[in-house]
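Below, each chain spelled out in residue letters.
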Amino acid sequence: EAGVVQSPRYKIIEKKQPVAFWCNPISGHNTLYWYLQNLGQGPELLIRYENEEAVDDSQLPKDRFSAERLKGVDSTLKIQPAELGDSAVYLCASSLDRSGELFFGEGSRLTVL
Amino acid sequence: AQRVTQPEKLLSVFKGAPVELKCNYSYSGSPELFWYVQYSRQRLQLLLRHISRESIKGFTADLNKGETSFHLKKPFAQEEDSAMYYCAVGGIGGFKTIFGAGTRLFVKA
């Protein structure tokens, strides 16, 4: 079992450029999460999916961030345009319905110059 | 407001000494409590959850509803326990899980 797979692991871009992160959850996990982790902080939820449906996106800055989970499996998180303050680690996690335990990917570290 | 507070950013103890990582929470309803750990160069992973009442790697955590605390304890720390520890609180089924800022535990030889 590969676990939750994320790519890219690292991304460096200029401000105002777009960037996209991809996540493949553990097979069979219907719930998928994107978290943002700033340096020295704990993960903060951006969006949660139940299958294809975004059931909680209240913390997603919708002016520049978007996400999708087509077919209820893989997910993509996009930032356009990126700002300096977006530099952080973007974590993807998945879980079985109502199990409570989150399984995390290794994260995608974004640096915006 | 829903909040998880870990008052110590860094905790340094000697090998064999007891260790306690503090966690206080504010959460409406009946939350589930978790401790996640991130070892160096590894991904964030579940250490234990209060509902299972298990001891994992010698760690235990007791939920004190009166004090809204869920402190993590181990009687004899080992060097391999050095890691980043995050307390997390979630709704039933773990939905909308909120994390604390984390405590870095450093166990000295």
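Residues numbered from 1 in each chain as written. Chains lettered and ligands numbered in written order. Predicted model: local features only at pLDDT ≥ 70, side-chain atom pairs only at ≥ 80, totals over all residues. Heavy atoms only, no water.

**Quick word on the overall build of chain B**
Thought 1: When its secondary structure is counted, chain B shows zero helices and 11 strands.
Thought 2: The order of α-helices and β-strands along chain B, N terminus first, is β-β-β-β-β-β-β-β-β-β-β.
Thought 3: The C-alpha radius of gyration of chain B comes to 13 Å, within 12% of the 13 Å expected for a compact globule of 109 residues.
Thought 4: Along the longest, intermediate and shortest principal axes, the C-alpha atoms of chain B span 40 × 30 × 25 Å.
Thought 5: Here chain B holds 109 residues, and the buried ones make up 49% of them. (Helix = DSSP H or I, 4+ residues; strand = E, 2+ residues; numbered from the N terminus. Rg over C-alpha atoms; globule rule 2.2 N^0.38 Å. Buried < 20%, exposed > 50% of the residue type's maximum accessible area, 1.4 Å probe, protein only.)

**Points about the environment of E44 of chain A**
All names here are of chain A.
Thought 1: Inspection of the secondary structure assignment puts E44 in strand β5 (residues 44-50).
Thought 2: Between the C-alpha atoms of E44 and Y90, which are 46 residues apart in sequence, the distance is 9.5 Å.
Thought 3: The residues touching E44, leaving out its near neighbours within four places in the chain, are W34, Y35, L36 and N38. (Contact = heavy atoms within 4.5 Å.)

**Details of the nonpolar core**
Thought 1: Counting 26 residues, the largest nonpolar core has W35, L72 and Y85 of chain B as the members making the most contacts within it.
Thought 2: Secondary structure elements with two or more residues in this core: β2 (10-14), β3 (19-21), β5 (32-38), β6 (45-49), β8 (69-74), β9 (83-90) and β11 (103-108) of chain B.
Thought 3: Take this core: its biggest share by element is four residues, from β9 of chain B.
Thought 4: What L72 of chain B contacts, discounting residues up to four positions off in sequence, is V19, E20, L21, W35, L47, L48, F59, T60, A61 and Y85 of chain B.
Thought 5: Counting 22 residues, the second-largest nonpolar core is a separate cluster that includes V4, I13, W34 and V112 of chain A. (Core = buried A, V, L, I, M, F, W, Y, C linked by side-chain atoms within 4.5 Å.)

**Observations regarding the side chain of T31 of chain A**
Thought 1: Tracing the chain through its elements places T31 of chain A in strand β4 (residues 31-37).
Thought 2: Looking at T31 of chain A, its side chain comes within polar contact range of the side chain of E50 of chain A, at 2.8 Å. (Polar contact = N/O pair within 3.5 Å; in protein donor to acceptor, adjacent residues only side chain to side chain.)

**Describing the packing of aromatic side chains**
Thought 1: In this structure the tally under the stated criterion is 10 aromatic pairs over all chains.
Thought 2: Relative to Y90 of chain A, the ring of F21 of chain A has its centre 5.1 Å away and its plane inclined at 20 degrees; by these criteria the two rings are stacked. Taken as a pair, F21 of chain A in strand β3 (residues 19-24) and Y90 of chain A in strand β9 (residues 88-95) lie far apart in primary sequence, 69 residues in all. Each member of the pair F21 of chain A and Y90 of chain A is classed as buried.
Thought 3: A ring pair is formed by F59 of chain B and Y85 of chain B, whose centres lie 5.6 Å apart and whose planes are at 45 degrees; its orientation type is tilted. Of this pair, F59 of chain B sits in the loop between β6 and β7 (60-64) while Y85 of chain B sits in strand β9, and the two are 26 residues apart along the sequence. Across the pair, exposure class does not vary: F59 of chain B and Y85 of chain B are buried alike.
Thought 4: Within the aromatic cluster, the residues linked to one another by ring pairs are Y33, Y35 and F104 of chain A together with F34, Y36 and F99 of chain B.
Thought 5: Looking at K108 of chain B, its charged tip hangs above the ring of F14 of chain B, at a distance of 4.2 Å from the centre. (Phe/Tyr/Trp six-rings, centres within 6.5 Å; stacked < 30°, edge-to-face > 60°. Lys NZ or Arg CZ within 6 Å of the ring centre and 35° of its normal.)

**Comments concerning the state of the cysteines**
Thought 1: All chains considered together, the criterion is met by two disulfides over all chains.
Thought 2: The partner cysteine of C23 of chain A in its disulfide is C92 of chain A, sulfur to sulfur 1.9 Å. A torsion of -70 degrees about the S-S bond marks the disulfide between C23 of chain A and C92 of chain A as left-handed. With a gap of 69 residues between them, C23 of chain A in strand β3 and C92 of chain A in strand β9 connect regions that are remote in the sequence. Here C23 of chain A matches C92 of chain A in class, with each residue buried.
Thought 3: Across the disulfide, C23 of chain B is cross-linked to C87 of chain B (sulfur-sulfur distance 2.0 Å). As the torsion about the S-S bond is roughly -65 degrees, the C23 of chain B-C87 of chain B disulfide counts as left-handed. A residue pair is termed long-range when its members are at least 10 positions apart, and C23 of chain B in the loop between β3 and β4 (24-26) and C87 of chain B in strand β9 qualify at 64 residues. In this pair, the class of C23 of chain B matches that of C87 of chain B, namely buried. (Disulfide = S-S within 2.5 Å.)

**Here we look at the confidence of the model for chain B**
Thought 1: Residues with a pLDDT of 70 or more make up 96% of chain B, whose mean pLDDT is 91.
Thought 2: Taken element by element, the predicted model of chain B shows its lowest mean pLDDT in β7 of chain B (90) and its highest in β11 of chain B (98). (pLDDT = per-residue confidence, 0-100.)

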